[in-house]
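Below, each chain spelled out in residue letters.
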Amino acid sequence: MGASKGQKLSGMQKQVLSLYRGFLRAARSKPAEERRQIESVVSAEFHRNSKQVDRKNFLYIEYLLRRGKKQLDQLKSPDTIGLSSVNVGSSKKQNADT
């Protein structure tokens, strides 16, 4: 892991990584085709947010964490077979307002 070289992670960074790992674990319980689709959506969403969201915009990051936890709870349900990406407002607008 990147933090093994003495770099300490903040509490929020740990929460984001934990959420990401939670999605990947939940994807393992789904059929192979859905698993690949879920992993692809999760990876793209986290990557997009890492590039677009200002790291100092704590309120927006906390909002994304809460939204992600709700999505993860839904994904863990045996009735849920997939995941879709939803663009909720533009993070560029979020950054411009601050």
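Residues numbered from 1 in each chain as written. Predicted model: local features only at pLDDT ≥ 70, side-chain atom pairs only at ≥ 80, totals over all residues. Heavy atoms only, no water.

Draft legend 1. Region of the structure containing the overall build of the protein. Secondary structure assignment for the protein yields four helices and zero strands. Secondary structure of the protein in N-to-C order comes out as α-α-α-α. The 98 residues of the protein split such that 24% are buried. For the protein, the share of sequence-separated contacts (at least 6 apart) that also reach a separation of at least 24 residues comes to 68%. Looking at the protein as shown, the accessible area adds up to about 7,100 Å², and 52% of this sits on carbon and sulfur atoms. (Helix = DSSP H or I, 4+ residues; strand = E, 2+ residues; numbered from the N terminus. Buried < 20%, exposed > 50% of the residue type's maximum accessible area, 1.4 Å probe, protein only. Contact = heavy atoms within 4.5 Å. Areas by Shrake-Rupley, 256 points an atom, 1.4 Å probe, with all protein chains shown as cover.)

Draft legend 2. Expanded view of the packing of aromatic side chains. Using the criterion set out here, one finds three aromatic pairs in the structure. Relative to Phe46, the ring of Tyr20 lies with its centre 5.0 Å away and its plane at 70 degrees, an arrangement referred to as edge-to-face. With Tyr20 in helix 1 (residues 11-28) and Phe46 in helix 2 (residues 32-52), this pair connects stretches of sequence that are 26 residues apart. With a relative accessible area of 27%, Tyr20 lands in the partly exposed category. Ring centres 6.3 Å apart and planes at 70 degrees place the aromatic pair Phe23 and Phe46 in the edge-to-face group. (Phe/Tyr/Trp six-rings, centres within 6.5 Å; stacked < 30°, edge-to-face > 60°.)

Draft legend 3. Seen up close, a positive patch on the surface. On the surface, Arg21, Arg25, Arg28 and Lys76 cluster together into a patch of positive charge. A per-element tally of the positive patch places helix 1 first, with three residues. When its relative accessible area of 53% is taken as the criterion, Lys76 is described as exposed. (Patch = residues over 30% accessible without salt bridge, like charges linked within 9 Å, V, L, I, M, F, W, Y side chains within 5 Å. Salt bridge = Lys/Arg side-chain N within 4 Å of Asp/Glu carboxyl O. Lys, Arg positive; Asp, Glu negative; His and termini not counted. Charge placed at Lys NZ, Arg CZ, Asp CG, Glu CD.)

Draft legend 4. Structural detail: the packing of helix 1 against helix 2. Where helix 1 meets helix 2, the closest approach of the two axes is 8 Å, and the angle between their N-to-C directions is 165 degrees. Relative to helix 2, the element helix 1 lies roughly antiparallel. Every pair of crossing elements has a handedness; the one defined by helix 1 and helix 2 is right-handed. For the pair helix 1 and helix 2, the contacting residues are Val16, Leu19, Tyr20, Phe23, Leu24, Ala27 and Arg28 in the first and Arg35, Ile38, Glu39, Val42, Ser43 and Phe46 in the second. Broken down by class, the residue content of the contact of helix 1 with helix 2 amounts to nine nonpolar, one polar and three charged. (Axes fitted to C-alpha atoms, helices over the stretch in contact; angles between N-to-C directions. Parallel < 35°, antiparallel > 145°, perpendicular 65-115°, else oblique. Left-handed = near helix turned anticlockwise from the far one by under 90°. Nonpolar A, V, L, I, M, F, W, Y, C, P; charged D, E, K, R; others polar.)

Draft legend 5. Region of the structure containing the side chain of Lys30. When you line up the elements, Lys30 lands in the loop between helix 1 and helix 2. The side chain of Lys30 is buried and forms no salt bridge, while Asp79, the nearest opposite charge, is found at 8.3 Å. From its side chain, Lys30 meets the backbone oxygen of Leu75 in a polar contact 3.0 Å long. Look past the residues within four positions of Lys30 in its chain and what remains in contact with it is Arg35, Ile38, Leu75, Ser77, Pro78 and Thr80. (Polar contact = N/O pair within 3.5 Å; in protein donor to acceptor, adjacent residues only side chain to side chain.)

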